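Descriptive structure summary
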Amino acid sequence: MPAAPLLEFVPNFSEGRDRALVDRLVAAMTVAPGVRCLGAELDASHNRAVVTLAGPAPAIADAAVLGAKAAMAAIDLRAHKGEHKRMGAMDVCPFVPLAGATMADAVATAKSVGARIGAELGLPVFLYAEACARESRRVLGNVRNKEFEGLQALVGVDPEFAPDFGPARLHPTAGAVAVGARKFLIAYNVNLATEDVQLAKDIAKAVREKDGGFKKVQAMGFFLDDKKQAQVSMNLLDFEVTSLRTVFDRVQELAAQKGVQVAESELVGLAPAAAIDAALARHIKLPRFDAREQVVEAKLAVLGG
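The shown structure was predicted, so the numbers you read here are calculated from the model rather than taken from an experiment. Each chain carries its own residue numbering, running from 1 in the direction its sequence is written. For a predicted model such as this one, the threshold for reporting local features is a pLDDT of at least 70, and the threshold for listing and counting side-chain atom pairs is 80 or more; totals across whole chains, interfaces and linings nevertheless cover every residue. For the side-chain quantities, the full set of heavy atoms in the structure was used; hydrogens and water were omitted.

**Considerations on the pattern of salt bridges**
Counted only if it meets this: By convention in these notes, a salt bridge is any Lys or Arg side-chain nitrogen within 4 Å of a carboxyl oxygen on Asp or Glu. The helix and strand labels rest on DSSP assignments: H or I over at least four residues marks a helix, E over at least two residues marks a strand, and numbering proceeds from the N terminus. For every residue, the accessible area (1.4 Å probe, protein chains only) is compared with the maximum for its type, and the residue is labelled buried under 20%, exposed over 50%, or partly exposed between those bounds.
Summed over the entire model, instances satisfying the criterion amount to 18 salt bridges. With a shortest N-O distance of 2.8 Å, aspartate 62 and arginine 116 are connected by a salt bridge. Here the residue aspartate 62 occupies a position in helix α2 (residues 57–74), and arginine 116 occupies one in helix α3 (residues 103–121), the gap between them amounting to 54 residues. Classification of aspartate 62 by relative accessible area gives partly exposed; the value is 34%. For arginine 116, a relative accessible area of 25% translates into the label partly exposed.

**Looking at the side chain of serine 233**
Under the convention used in this document: Counted as a polar contact is a pair of N or O atoms within 3.5 Å, where, for protein atoms, one must be capable of donating a hydrogen and the other of accepting one, and residues adjacent in sequence contribute only when both atoms are in side chains.
Mapped onto the secondary structure, serine 233 falls in strand β10 (residues 229–236). A distance of 2.9 Å separates the side chain of serine 233 from the side chain of asparagine 189, its partner in a polar contact.

**Concerning the packing of helix α6 (residues 197–207) against helix α7 (residues 244–257)**
What describes two packed helices is the angle between their axes and the distance between those same axes. As a reminder, the rule being used: Lines are fitted to the C-alpha atoms to define the axes, a helix being fitted only along its stretch in contact, and any angle between axes, read from their N-to-C directions, falls within 0 to 180 degrees. For classification purposes, an angle smaller than 35 degrees is called roughly parallel, one larger than 145 roughly antiparallel, one from 65 to 115 roughly perpendicular, and anything else oblique. In this scheme the crossing of two helices becomes right-handed for a clockwise turn of the near helix relative to the far one and left-handed for an anticlockwise turn of less than a right angle. The contact definition used throughout considers only heavy atoms, calling two residues in contact when any of these lie within 4.5 Å. Nonpolar residues are Ala, Val, Leu, Ile, Met, Phe, Trp, Tyr, Cys and Pro. Charged residues are Asp, Glu, Lys and Arg, and all others, Gly as well, are polar.
Here α6 crosses α7 at 135 degrees, and the two axes come no closer than 10 Å. Judged on the interaxial angle alone, α7 and α6 are oblique. The hand of the α6/α7 crossing is right-handed. Between α6 and α7, the contacting residues are Ile203, Ala206 and Val207 on the first element and Arg250, Val251, Leu254 and Ala255 on the second. Taken together, the residues of the contact of α6 with α7 break down into six nonpolar, no polar and one charged.

What is shown is where atoms sit, not what they do.
This is the structure in structure tokens:
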């Protein structure tokens, strides 16, 4: 009997300050047999956790439903504030094909999980990226930019915001869930040695695709209260189209034009081996790089996957 396709699953939760709570969410998901947690990173300024898991597709699907259920019970968006836009307790639920898997496998898993979350948990679900049922939802921001508060007035009223699964109303505390399938996304931040958040926003605009920058790059500028630094926060949607080196070099160049240096980089979650190595980590000022913790293939090998 052929092995089930191996998928990566990268749920983002609207909690970045309570490690114990996130640990409970991870424990709930890894009850599913064969699911391994590759990492869980919390960001207090964004008030967001990014968890990376991998396993056979059927088990990963179970883990996703378990994670959504646990987050619904533990996170109240009415009390949640952070730099990052959010619409749900488990905010996004993306599936990524790994060894032996295709994008079709990831899409099928996303649609199955979306249907289960809607039916079993009573949460509205929006399909996005490669799993989208509407082209207007391929880009997650087209829905999530309204955030939890804005969507309360739109879901169930505006046909453009009708969920793909689940009830046509936001859950009063857990909001909605975005479920998708995509290529490997690298969440990557560059911290600037300045408190000038407008500079970070200007640089973000210059490098992101929607404003004429690099293809497959999303970017925003933030101020990090904990570090007292401005940050260019990016998602690289396809590192084979636009690499970490390319975006770092451009951010560094634009900052230097204003007399500002790059303080350091941050890799949120993991990256594939083809995207980064030790030499590149030094170049992009990524401190304490450890492939065994930050490269998905190496982490799986360490865990015996």
